[in-house]
Amino acid sequence: ANVKQTTKSLSLSNVKVDIKSKKPMPYDPANFSFGYSHSLNHYHNPETEYDNSLNKRYQADYSYTPVVQPVELFKNIQSTSGWLKLVKSLNFNYLPNNVQLSSDIVRNYQESQLRDLNAYISGVGETNKDYLTFSHNFLWDRTFAITWDLTRNLKTTFRSGTIAEIEEPYLQVNKKLNRDDYEIWRDSVNPSIRNLGKPLNYQQSADVTYTLPFQNI
């Protein structure tokens, strides 16, 4: 039996340019990182003309952590007695501690063409599309998170995440064997990507923590 299986893959992770300002700035190249992976598995045997599985992943991440001292408007008050001690300790941060964004696009496509065994035994090599099957999955996961200590005693965090589906028609996506359907698929997918896909799930959470300043009373 003629059985053959091949796998081709490429993976890049946390690709970045480590260039940053002496004082971290939001536009520093070091704040950005990227990833990409591509895997193609091909299999065939006497019953299967071909079975192809394609997996692609595109990742982009952003993280900014500013370095800033809290503003203390009343720190020069000389007295440390009573409520003046509490007033002197008042402070606030005008910038967040950290801001993070991430984007993760995953596409899976599987296509299988079985042989017409009667035709195969008779020596007829023409492909029978009745035995063609395919499946696909195209998702876009986006997250946002911010950590902000508004004061030394008041700390906040906010996180949100969206899983969206890139809408695509149920067609054979094989540019080599079926270019017409491929172009229809491409023209349908591109607008969906521009519109950020169709949201399937959205979650968000927020935390606020306040520590009473008993030490300043």
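Our subject is the structure that appears above.
Residues numbered from 1 in each chain as written. Predicted model: local features only at pLDDT ≥ 70, side-chain atom pairs only at ≥ 80, totals over all residues. Heavy atoms only, no water.

Chemist: Talk me through the packing of aromatic side chains; I want residue IDs and the actual numbers.
Modeler: Inspection of the entire model under this criterion finds five aromatic pairs. Where Tyr36 meets Tyr58, the ring centres are 5.3 Å apart and the plane angle is 50°; that geometry is what we call tilted. Remark: Tyr58 occurs in strand β3 (residues 48–64) and Tyr36 occurs in strand β2 (residues 32–44); sequence separation between them is 22 residues. Taking relative accessible area as the criterion, Tyr36 reaches 23% and is therefore assigned partly exposed. Owing to a relative accessible area of 38%, Tyr58 belongs among the partly exposed residues under this scheme. Seen in terms of ring centroids, Phe134 and Tyr170 are 4.6 Å apart; in terms of plane orientation they differ by 35°. Their pairing is tilted. Of this pair, Phe134 sits in strand β5 (residues 132–149) while Tyr170 sits in the loop between β6 (154–165) and α3 (179–194), and the two are 36 residues apart along the sequence. Owing to a relative accessible area of 15%, Phe134 belongs among the buried residues under this scheme. Judged by relative accessible area, which is 56%, Tyr170 ranks as exposed. The ring of Trp140 is capped by Arg142, whose NZ or CZ atom sits 4.8 Å from the centre of that ring. (Phe/Tyr/Trp six-rings, centres within 6.5 Å; stacked < 30°, edge-to-face > 60°. Helix = DSSP H or I, 4+ residues; strand = E, 2+ residues; numbered from the N terminus. Buried < 20%, exposed > 50% of the residue type's maximum accessible area, 1.4 Å probe, protein only. Lys NZ or Arg CZ within 6 Å of the ring centre and 35° of its normal.)

Chemist: So, unusual backbone geometry: which residues are in play, and what are the values?
Modeler: At Asn14, a residue that is not glycine, the phi angle is positive and equals roughly 55°. Its place among the elements puts Asn14 in strand β1 (residues 4–15).

Chemist: Which residues make up α3, and what values do they have?
Modeler: Between its first and last C-alpha, α3 extends 23 Å over 16 residues, near the 22 Å set by a 1.5 Å rise per residue. Listing the buried residues of α3 in full gives Tyr182, Trp185, Val189 and Ser192. Along the axis of α3, the buried residues cluster in a sector spanning 95°; they form a single face. Exposed residues on α3 whose side chains face more than 90 degrees from its buried face are Asp180 and Arg194. Against β4 (98–114), β5 and β6 lie the buried residues of α3. Leu196 sits one or two positions beyond α3 and adopts a positive phi of about 70°. (Expected span 1.5 Å × (residues − 1). Arc of directions from axis to C-beta. Contact = heavy atoms within 4.5 Å.)

Chemist: Describe the side chain of Asn153, naming the residues involved and giving the relevant values.
Modeler: Summarising the element assignment, Asn153 is placed in the loop between β5 and β6. At 2.9 Å, the side chain of Asn153 forms a polar contact with the backbone oxygen of Thr211. Not counting residues up to four positions away in its chain, the partners in contact with Asn153 are Thr209, Tyr210, Thr211, Leu212 and Pro213. (Polar contact = N/O pair within 3.5 Å; in protein donor to acceptor, adjacent residues only side chain to side chain.)

Chemist: Residues and numbers for the side chain of Asn91, please.
Modeler: Along the chain, the position of Asn91 falls in the loop between α1 (82–88) and β4. The exposure class assigned to Asn91 is buried, which follows from its relative accessible area of 10%. At 3.1 Å, the side chain of Asn91 forms a polar contact with the backbone nitrogen of Arg152. Those residues within four positions of Asn91 in sequence are excluded, and the remaining contacts are Pro70, Val71, Glu72, Leu150, Thr151 and Arg152.

Chemist: Provide a residue-level description of the sheet that holds β2, including the pertinent values.
Modeler: Spatial strand order, β1-β2-β3-β4-β5-β6-β7: seven strands in an open sheet with antiparallel pairing. The open sheet has two edge strands, β1 and β7 (198–210), and neither has a second partner. Each strand axis lies, on average, 5° off the axis of its neighbour in the sheet, ignoring direction. With 10 bridges connecting them, β1 and β2 associate as antiparallel partners. The partner of Thr7 across the bridge, within β2, is Asn41. Its contacts with the sheet put α3 on β4, β5 and β6, and the angle it makes with β5 is roughly 15°. (Pairing = 2+ DSSP bridges. Axes fitted to C-alpha atoms, helices over the stretch in contact; angles between N-to-C directions.)

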